[in-house]
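In case you want the letters, here they are:
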Amino acid sequence: MAVITYREALNEALREEMERDPDVFLMGEDVAEYDGAYKISKGLLEEFGDKRVVDSPISELGFTGLCVGASMAGLRPVVEFMTFNFAFLAIDQVINNATKMYYMSDGQFPMPIVFRGPTGAALQLSAQHSQACETYYSHAPGCKVVTPATPADAKGLLKASIRDNDPVAFMEGETLYNFMGEVPEDDDYVIPLGVADLKNEGSDVSIITHGKMVHVALQAAAKLDKDNIGADVLDLRTIRPLDMDAILKTVKKTNRVVYLEEGWPYAGTGAQIVSMIQEEAFDHLDAPILRVTQADIPMPYAKNLEILAKPSADRVIEACNKVLYR
Amino acid sequence: MAETKTKKKSMPKKDQLSLHGVSPELAIDMMGDMLLYRRFEEKAEEAYAIGKIGGFCHVHIGQEGAAAGSIKPLREDDYVISAYREHTQAIAKGVHPNAVMAELFGRVDGASGGRGGSMHVYDKDCRFMGGHGIVGGQVPLATGIGWKIKYKDEDTVVIVYMGDAAVNQGGFHEALNMAAVWELPAIYVVENNGYGMGTAFSRVSKTDMSAKPVPHGVPASHVNGQDVLATYAHFRELIAEVRGGGGPRFVDLQTYRFRGHSMSDPVSGTYRPTEEVERNTAEEDPISILRDRLIAGGHLDQDDLEEMDKEARQIAQDAVDFADASPFPEPSTLYDNVWAEINEHGRLFFDGRERP
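Conventions adopted
Residues numbered from 1 in each chain as written. Chains lettered and ligands numbered in written order. Predicted model: local features only at pLDDT ≥ 70, side-chain atom pairs only at ≥ 80, totals over all residues. Helix = DSSP H or I, 4+ residues; strand = E, 2+ residues; numbered from the N terminus. Rg over C-alpha atoms; globule rule 2.2 N^0.38 Å. Buried ≥ 20, exposed ≤ 12 C-beta atoms within 10 Å, placed from the backbone. Contact = placed C-beta atoms within 7 Å. Nonpolar A, V, L, I, M, F, W, Y, C, P; charged D, E, K, R; others polar. pLDDT = per-residue confidence, 0-100. Pairing = 2+ DSSP bridges. Axes fitted to C-alpha atoms, helices over the stretch in contact; angles between N-to-C directions. Domains from an automatic or database assignment. Parallel < 35°, antiparallel > 145°, perpendicular 65-115°, else oblique. Left-handed = near helix turned anticlockwise from the far one by under 90°.

Another aspect to go through is the overall build of chain A. From N to C terminus, chain A includes 12 helices and 14 strands. A compact globule built from 326 residues would reach a C-alpha radius of gyration of about 20 Å, and chain A, at 19 Å, matches this within 12%. Summarising its shape, the C-alpha atoms of chain A cover approximately 60 × 45 × 40 Å along the three principal directions. Within chain A, the fraction of its 326 residues that count as buried is 59%. In chain A, the proportion of contacts linking residues at least 24 apart, taken out of those at least 6 apart, comes to 79%.

If you want it as structure tokens, here you go:
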């Protein structure tokens, strides 16, 4: 096992998949000569040349549409959004074209394409650079959504996403890029989509989450452990496909659930999953399921307000205590 | 409906006899194409009127010369992608009229299996990359198809059609900019019928159509789409330039829509004068214009023309019969082709379908 950063893990995944398949190319703003806004593509221009590592104009709709068209015609593009916050300009191309083409054409045009970049808040970037965007994509049939939390997951899931034959929104996190972790040195380390990962084991309460909130959940679980409360932390890893078996397993084990996510509460990922749990495991619940989300407001800039708006370990602990009636 | 009889008053002047370097055989061939497109769309109108076709349906009547003249010079392995007034372009690119009509009818033998309808005809084998329903949405896709052609060092080209309203979309400008920067083999064609639905182009653009690609460094040209031979000659040259590595081109393909925007829209409506529609229908019909030339040049007589029209009507009728006989898609296939890859793990559908 090598210990590398989440950034390096993504870089390795891109390099290996570009070596493996000449139809894979990377396009986005500043991905080539600048090495990527967050250096995810460092060194790739030198290795693969400017035909496969391509600096786009700042035209999110345009270059996303170009890549969707290239996918339609047989290539396997990886689109980098400097942040998914900028991808709203391109979402027509993602939803109306990429995710519907296969169905509208009755299966004539598979659309292998990865849209990747950071989502959610970093530190004091205020409202237009801090939004967690996964629900916009998971809402649409035809779009897979992947949210890795660790370097190993980042590598294994990006490789699987590039090989997948459907559009994948692959959502990273600015504050995750420097996160270190063990990554298997196997040069074909692929994690199948649709498999959740139990990141902490406990028998009293289940914290279900995804993406960078996994680390908030783990902090909460560590503190709860000192109070002799054991928390399962289930990292979904992919929102679509969704590992419902793993969700039902932890629910049936602890009978108490907190859903934690970085986005807003209304129609959030948690709303979907809570609905499914009550439909499929109602008799196993000993308390209503609570959700911990971003405050239902645009993200404020001021440091103290931003802290209040973001989900925190303390709020997760508070929710866990509530479902435990403590 | 196009008159196939020559009117005495419209005997062409000598300069109108020009075949633009197109052989009489090819000109006659394109006459047959245009007659088929006209009769096909008339059948679509009839079928819509009796509820055989639903949803939105945009017919191409009046614009047949644009489709025939610009697609004819393409090779089979060249790409065409279009907007939602695309029935005849699909046929021009080789999609069987039966498959197009069955798609309009929402039947299983339709080009898109009945999943797309009038606005979404696809045929991968013919490299007809769809009808697309969002104004201008297909323009960046065409740039991407051009990107693939260059990436793979192929010598094909892509033609993308859009209506005049599409040039006011941001994606049009982004797509042309990138095509120019990367010298992609793409031809951006505005089928300029003067109206974006009910809004005259001049009311929503300060500059002329020819100015639109100029800031991006894409050369512009224009041609009269009612003159199928001029259109053919123009595109033959343009396609050769682009295939030869000349980079992208923009064409203002000037035409006129003889019908309403869609089947739910009256022919002239409140946004254009009835006289304008009547004048264009009488004087600018691409079928009549070519007919007059071919007859005046002695390449075709009235009997030949009647025979060709009969054949076109038969193909259109056969398409209707085929569509009508084709079954509706099986209810059990409702969920087919949402996902190209059903992953081994996890749920992909959330309406209870996969519940254990």
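Let's pick the thread back up.
The helix and strand inventory of chain B stands at 11 helices and 8 strands. Taking the principal axes of its C-alpha atoms as reference, chain B extends roughly 75 × 50 × 40 Å. For chain B, the proportion of its 356 residues judged to be buried stands at 52%. Contacts spanning at least 24 positions in sequence make up 77% of the contacts within chain B whose residues lie at least 6 apart.

Residue-level contacts link 46 residues of chain A with 40 residues of chain B. For the side of chain A that touches chain B, the secondary structure elements donating two or more residues are helix H3 (60-72), helix H4 (91-98), helix H5 (101-104), strand E12 (238-240) and helix H10 (269-281) of chain A. Ranked by the residues each element gives to the side of chain A that touches chain B, the list is headed by H3(A), at 10 residues. Looking at the side of chain A that touches chain B residue by residue, the classes come out as 22 nonpolar, 16 polar and 8 charged.

All right, on to the confidence of the model for chain B then. Residue and element names in this part refer to chain B. Put simply, chain B has an average pLDDT of 94, and 94% of its residues get 70 or more. A low-confidence stretch, residues 6-15 (pLDDT under 50), is modelled with 10 contacts involving residues beyond four sequence positions or located in other chains. Model confidence for the complex: the whole-complex pTM is 0.96, and ipTM, which rates the interface, is 0.96.

On to the sheet that holds strand E1 (residues 79-82) of chain B. Residue and element names in this part refer to chain B. Strand order in the open sheet made by the 6 strands is E2-E1-E3-E4-E8-E7, with parallel pairing throughout. With one partner strand each, in any of the chains shown, strand E2 (128-131) and strand E7 (220-224) form the two edges of the open sheet. Averaged over neighbouring strand pairs, the angle between their axes works out to 20 degrees when direction is ignored. Bridge analysis of E1 against E2 gives 2 bridges, and the strand direction is parallel. Within E2, the position partnered with Ser 82 by the bridge is Gly 131.

Let's shift gears to the pairing of E1(B). All names here are of chain B. Here E1 shows a buried face lined by Tyr 79 and Ile 81 and a second buried face lined by Val 80 and Ser 82. Two elements, E1 and strand E3 (residues 158-163), share 3 bridges in a ladder whose sense is parallel. Looking at the pairing, Tyr 79 lines up with Val 158 of E3.

This next bit is on unusual backbone geometry. Residues and elements named next belong to chain A. Here the bond from Arg 240 into Pro 241 is cis, since omega is -5 degrees, no more than 30 degrees from zero. Looking at the element boundaries, Pro 241 is found in the loop between E12 and helix H9 (244-254). Backbone geometry at Ala 267 places phi at a positive 55 degrees, although glycine is not the residue there. Relative to the assigned elements, Ala 267 resides in the loop between strand E13 (257-260) and H10.

Residues and elements named next belong to chain A. By domain assignment, chain A separates into domain 1 (2-183) and domain 2 (197-323). Its C-alpha centre places domain 1 at a distance of 26 Å from the equivalent point of domain 2. Of the residues contributing to the side of domain 1 that touches domain 2, the split by class is 11 nonpolar, 9 polar and 3 charged.

It is worth spelling out the packing of H9(A) against H10(A) at this point. Residues and elements named next belong to chain A. Contact geometry for H9 and H10: axes closest at 11 Å, N-to-C directions at 65 degrees. Classified by the angle between their axes, H9 and H10 sit roughly perpendicular to one another. The handedness of the crossing between H9 and H10 comes out as right-handed. Across the interface between the two elements, Met 244, Ile 247, Leu 248, Val 251 and Lys 252 from H9 touch Ile 273, Met 276, Ile 277, Glu 280 and Ala 281 from H10. Across the contact of H9 with H10, the residue classes break down as 8 nonpolar, no polar and 2 charged.

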